[in-house]
Amino acid sequence: MSFPAVTIEGYPRIGAHRELKKALEAYWSGAINKEDFVAAAHSLRVANYARLVDLGLTEDYAIPADVAYYDQVLETALTVGLIPGDVDLDEEFALCRGTAERSPLEMTKWFDTNYHYLVPEVADAEFTPRPQRVVAIADEARAAGVAIRPYLVGPVTLLALSKAADDAELTDPLDRLDDAVDAYAAVLAQLAQAGVEWVQLTEPALVADLGPGDAALADHARRAYTRLLAAPVGKARPNVLVSTPYGSLRAGLDALADVAPEAVHVDLAPATLAADPDYARRVGATLSPATRLVAGLIDGRNVWAANLDERARVLDELATTRDAVSVSTSVSLQHVPHTVADEPELPVDVACWLAFADEKITEAVGLSRRDADAFARSARAVRTRSESRRTHDAAVAERVAALPAGEVARTPDFAGRQDAQQALGLPPLPSTTIGSFPQTPEIRAARAAHRAGTLSDEDYTAALRAEITSVVALQEEIGLDVLVHGEPERNDMVQYFAELLDGFVTTVNGWVQSYGSRCTRPPIVIGDVSRPKPMTVEWSAFAQSLTSRPVKGMLTGPVTILAWSFNRDDVPLSVSADQIALALADEVRDLEDAGISIIQIDEPALRELLPLRADARPAYLDWSIRAFRLVSLDARPETQIHTHLCYSEFGQIIDAVAALDADVTSIEAARSRMELLVDLNEGFHSEIGPGIWDIHSPRVPSVDELTGLIEAALRHVPAERLWINPDCGLKTRRYAETIESLKNMIAARSKVLSAS
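- The chain has the name 5-methyltetrahydropteroyltriglutamate--homocysteine S-methyltransferase in an unreviewed UniProt entry, where Corynebacterium uterequi is given as its organism.
- Word for word, the UniProt comment on the chain under Pathway (unreviewed entry) is "Amino-acid biosynthesis; L-methionine biosynthesis via de novo pathway; L-methionine from L-homocysteine (MetE route): step 1/1."
- Its UniProt record gives the chain the following Function (unreviewed entry) comment, quoted word for word: "Catalyzes the transfer of a methyl group from 5-methyltetrahydrofolate to homocysteine resulting in methionine formation."

Spelled out as structure tokens, the structure:
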């Protein structure tokens, strides 16, 4: 069967109004039973299939079934038997979230996106495939009248992203590639017997310089797919689409050409071609004309309407090398919101510049069919955006132009600042939290009422001040040394700032899945960025007025604001980074003037934007480090600057983190059981707070568990440089577990100190 003329790499699975999130959380809380949860997830999947057909994906196998209750990597690991034993629904969620008795799987970023995946742990046990998981999905869709394309993370990527289990003899999961291929072959055979004619195996590892290296990963792919594709199409396996999102293939392109899958998807987004201008030509010249080329021409990573005239030129170039080319998105649409049509509060002129998931499907269909109306809409969007006065601000441009070129550095150096900061009077192993405290239903309701205009400014301020007063008192009671105001005024650590900075717009329903049931609404950078007025000073100063202990001012750093926003494609990211850095530097000065002596500049996404190819990383690290340093460049020596990173593959960017030149660095370390600290070297001079409580799980860690993690940290970090803190902010937790966990954290700290 031929591949459909137009398709997508994937679609948001959380639901346009977060239906899956709500069902998950209702099930976890006991508000609904297992049968009701499964029924809700089924209804959402079937509704999505119908929606995609209405949008133009009408051919059989045009719709990918990239479905998962929590995470697609975990779903694939379970399907091919990478995780041993019987895994029912509750056991699956235990792997995701942990239980009182055990920790969850480690979580980290999916390539250079803001999506988090769960890291499978590969044991020595035999892989026992569970093909019924994907067969049931295909049967469900068929019953609804749709022939969907089952989706699995490919074997090379799955193992490249996994880790060896603690009790395993192997050190590299890729050593078990042959076993994995056997498991995949068994799954494909079951799909073929169920009448499925196309399956999708996604292999983004082939566009990234991961641990083994590009050539080694290509060799792994060549070996794996030579075996998988040797089975005859029909009863032994379906036709195979190998997809390669998130960048351009290098050695992997030759490998896929050698094994000749029935179809190969490549990422041809404008950003990919800007980084690799010869990529489209190489793809057309290298892949056999017998392999159906699925061209990822519609950008699935950003929200700007496509320039269909320019996209058509790339498509035409590819068409000269083969009889037919299918049009697709560059990556899964899970990284963008559902639809612009659900955004009534966007400025009308801005809305027409945008394309979310549904609009991108319409663009792909229009490009494939050369629809005149689609091309006319595209031309209007491109023209009106280029002519808009919203894009450029002469005052911002002038201020950025006046900045010193190249590297900037705070003075005095770290040692000199440490002397000045002794006045803070902090005890050994000082304790703190990362910033946010649980957001109660009452605070959320007050924020919603204030936004709706039913709660006055005065009453809203009173509600926030009451919550801050309570949070400060709670921290003093627990015994924390450096306090926070709890951030009750913040809906999100990026959106809050975007709503107060010029140059951004925000959405009402633009939800994007971050992990599991966690969703965010990324703001959109539409123009030059500046700060009209102070953004955080009122709340930090109020909290400081309530206590004699230091209160941290809390800022989200420029790189993270960009990483968790949809960015301009008309200027380099470095330009926006400098603009945001200047706005935050103004905030630092105002916080200092208000008596705040510790300021945290969060950069959890520093690793996230790291280019997948090694040769592009130095330039990125140069501008991202510069932007961070610009924020604190003029801070007083006695002001202690903190930063925070989480789920960051810390070792890969250890030198860059050191180069931020923060006074204190806190990092995620609980799920990895302090593995990250092994990467510390002599160049890493800052004090460090490796998180000992994994806040992404509802479990309460015991005093003994936390004591063990502190002791493990002390094997790598001298006591005089070690801080005690959770992994991340506490916004998503409840107060009961928060209070118990923080008390255990302080008790563990005391236990370690008394034993020293």
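**Examining the overall build of the chain**
- In terms of helices and strands, the chain carries 27 helices and 20 strands.
- The C-alpha radius of gyration computed for the chain amounts to 26 Å, which stays within 12% of the reference 27 Å derived for 756 residues, consistent with globular compactness.
- C-alpha atoms of the chain, sized along the principal axes, occupy 75 × 60 × 50 Å.
- A total of 756 residues make up the chain; the buried ones form 62% of that total.
- Taking the contacts inside the chain whose residues are at least 6 apart along the sequence as the reference set, 79% of them involve residues at least 24 apart.
- Split by element, the accessible area of the chain, about 27100 Å² in all, is 51% carbon and sulfur.

**A look at the sheet that holds strand E16 (residues 552–556)**
- With respect to topology, five strands assemble into an open sheet ordered E16-E17-E18-E19-E20, the strand pairing being parallel. Only two strands of the sheet have a single partner each, and these edge strands are E16 and strand E20 (687–690). For this sheet, the mean angle separating the axes of adjacent strands, direction not counted, is 20 degrees.

**Observations concerning the domain arrangement of the chain**
- When cut into domains, the chain gives domain 1 (6–336) and domain 2 (416–755).
- Here domain 1 and domain 2 have C-alpha centroids that lie 33 Å from each other.
- For the pairing of domain 1 and domain 2, the buried interface totals around 3800 Å² over both sides, and the portion due to carbon and sulfur atoms is 49%.
- Our enumeration of links across domain 1 and domain 2 arrives at four salt bridges.
- With a closest N to O distance of 3.2 Å, Asp615 and Arg250 form a salt bridge.

**Side note on the UniProt feature "binding site: 5-methyltetrahydropteroyltri-L-glutamate" (unreviewed entry) in the chain**
- Look at the UniProt record and you will see "binding site: 5-methyltetrahydropteroyltri-L-glutamate" (unreviewed entry) annotated at Lys21, Asn114, Arg518, Cys519 and Trp564.
- Along the chain, the position of Asn114 falls in the loop between strand E2 (107–109) and strand E3 (116–118).
- The exposure class assigned to Asn114 is buried, which follows from its relative accessible area of 17%.
- Once residues lying within four places of it in the same chain are set aside, the contact partners of Asn114 are Lys109, Ser514, Thr520, Trp564 and Glu608.
- With respect to the element layout, Trp564 can be found in the loop between helix H22 (558–563) and helix H23 (573–593).
- Beyond its immediate chain neighbours, meaning those up to four positions away, Trp564 contacts Lys109, Asn114, Met493, Val494, Pro522, Pro523, Pro604, Ala605 and Glu608.
- A distance of 2.9 Å separates polar atoms of two side chains, one belonging to Trp564 and the other to Asn114.

**Observations concerning the pattern of salt bridges**
- The full count for this structure, using the stated rule, is 49 salt bridges.
- Residue Arg749 pairs with Asp481 through a salt bridge whose shortest N-O separation is 3.0 Å. Of this pair, Arg749 sits in helix H27 (residues 735–755) while Asp481 sits in the loop between helix H19 (457–478) and helix H20 (495–500); the two residues are 268 residues apart in sequence, bridging distant segments of the chain. The two residues Arg749 and Asp481 agree in class, both being buried.
- Here Asp704 ties to Lys751 by a salt bridge, and the two come within 2.8 Å at their closest N and O atoms. Remark: Lys751 occurs in helix H27 and Asp704 occurs in helix H26 (residues 703–714); sequence separation between them is 47 residues.
- For Asp704, a relative accessible area of 54% translates into the label exposed.

**Focus on unusual backbone geometry**
- Going from Thr411 to Pro412, the amide bond is cis rather than trans, its omega being -5 degrees.
- Structurally, Pro412 is set in the loop between helix H16 (394–401) and helix H17 (414–421).
- At Phe111, a position not held by glycine, the phi torsion is positive, near 50 degrees.
- Along the chain, Phe111 falls in the loop between E2 and E3.
- One non-glycine residue with positive phi stands out, namely Arg370, at about 50 degrees.
- Among the structural elements, Arg370 can be located in the loop between helix H14 (357–369) and helix H15 (372–387).

**Let's talk about the side chain of Ser632**
- Among the secondary structure elements, Ser632 is positioned in helix H24 (residues 617–632).
- In this structure Ser632 comes out as buried when scored by relative accessible area, which is 4%.
- Other than its neighbours up to four places away in sequence, Ser632 contacts Arg410, Ile601 and Ile641.

**Examining H24**
- The first and last C-alpha atoms of H24 sit 23 Å apart over 16 residues, in line with the 22 Å expected at 1.5 Å per residue.
- Burial analysis of H24 places 13 of its 16 residues in the buried class, which makes it a mostly covered element.

**Quick look at the pairing of strand E18 (residues 640–645)**
- Most of E18 sits out of view: six of its six residues are buried.
- Where burial is concerned, the two faces of E18 agree: the one with Gln640, His642 and His644 and the one with Ile641, Thr643 and Leu645 are both buried.
- The pairing of strand E17 (residues 598–602) with E18 spans five bridges and is parallel. In the strand pairing of E18, Ile598 is matched with Gln640.
- Looking at chain direction, E18 and strand E19 (residues 664–667) are connected through four bridges and run parallel. By the bridge assignment, Leu645 is partnered in E19 with Ile667.

**Regarding the sheet that holds strand E9 (residues 263–267)**
- One open sheet holds the seven strands; their spatial order is E1-E5-E7-E8-E9-E10-E11, and the pairing between them is parallel. Every interior strand has two partners, whereas the edge strands, strand E1 (64–65) and strand E11 (325–329), have only one.
- The pairing of E1 with strand E5 (residues 149–153) spans two bridges and is parallel. Counted as the bridge partner of Pro64 is Arg149 from E5.

**Notes on the packing of aromatic side chains**
- Counting across every chain of the model gives 14 aromatic pairs.
- Aromatic side chains Tyr496 and Phe497 sit 5.4 Å apart centroid to centroid with 85 degrees between the ring planes, which places their arrangement in the edge-to-face category.
- Look at Phe497 and you get buried, because its relative accessible area is 0%.
- Ring centres of Tyr620 and Trp623 lie 5.2 Å apart, and the angle between their planes is 90 degrees; this geometry places the pair in the edge-to-face category. Note that Tyr620 and Trp623 are positioned in helix H24 at a spacing of three residues, about one turn of the helix. A single burial state applies to Tyr620 and to Trp623, both of which are buried.
- Of the aromatic side chains, those joined through ring pairs into one cluster are Tyr27, Trp28, Phe37, Tyr69, Tyr70 and Phe93.
- Here the basic side chain of Arg18 rests over the ring of Trp511, its NZ or CZ set 3.8 Å away from the ring centre.

Calculation rules
In this convention, every chain numbers its residues from 1, walking through the sequence in written order. Local features in a predicted model are, by the rule used here, given only for residues with pLDDT of at least 70; side-chain atom pairs are given and counted only at 80 or more, and totals for whole chains, interfaces and linings are based on all residues. Only hydrogens and water are removed before side-chain values are computed, so all heavy atoms of the structure are retained for them. UniProt positions are given in the numbering used here, feature names are shortened, and annotations may be inferred rather than shown by experiment. Labels follow the DSSP assignment, with helices taken as runs of H or I lasting at least four residues and strands as runs of E lasting at least two, numbered in each case from the N terminus. Computation of the radius of gyration draws on C-alpha atoms, with the globule rule given as 2.2 Å multiplied by the number of residues to the power 0.38. Remark: exposure states derive from per-residue accessible area (1.4 Å probe, protein chains only) relative to the maximum for the residue type, with buried under 20%, exposed over 50%, and partly exposed in between. The criterion used for residue contact is that any of the two residues' heavy atoms lie within 4.5 Å. Per-residue and other accessible areas follow the Shrake-Rupley method at a 1.4 Å probe size, with only the shown protein chains counted as cover for residues. Strands pair, by our definition, only if DSSP identifies at least two bridges between them. Orientation is described by axes fitted as lines to C-alpha atoms, over the contacting stretch for helices, and by angles from 0 to 180 degrees between their N-to-C directions. Just so you know, the domain bounds were taken from an automatic or database domain assignment. Once two parts are joined, some of their accessible surface, as seen by a 1.4 Å probe, is lost; buried area is that loss totalled over both. By convention in these notes, a salt bridge is any Lys or Arg side-chain nitrogen within 4 Å of a carboxyl oxygen on Asp or Glu. Throughout this description, a polar contact denotes any pair of N or O atoms lying within 3.5 Å of each other; where both atoms belong to protein, one of them has to be capable of donating a hydrogen while the other can accept it, and for residues adjacent in sequence the pair is counted only when both atoms sit in side chains. The span expected for a helix works out to 1.5 Å for each residue beyond the first. A pair of aromatic rings is counted whenever rings of Phe, Tyr or Trp (Trp by its six-membered ring) have centres within 6.5 Å, and the orientation is called stacked for planes under 30 degrees apart, edge-to-face for over 60 and tilted otherwise. Note on geometry: a ring has a charge over it if NZ (lysine) or CZ (arginine) is within 6 Å of the ring centre and within 35 degrees of the ring normal.

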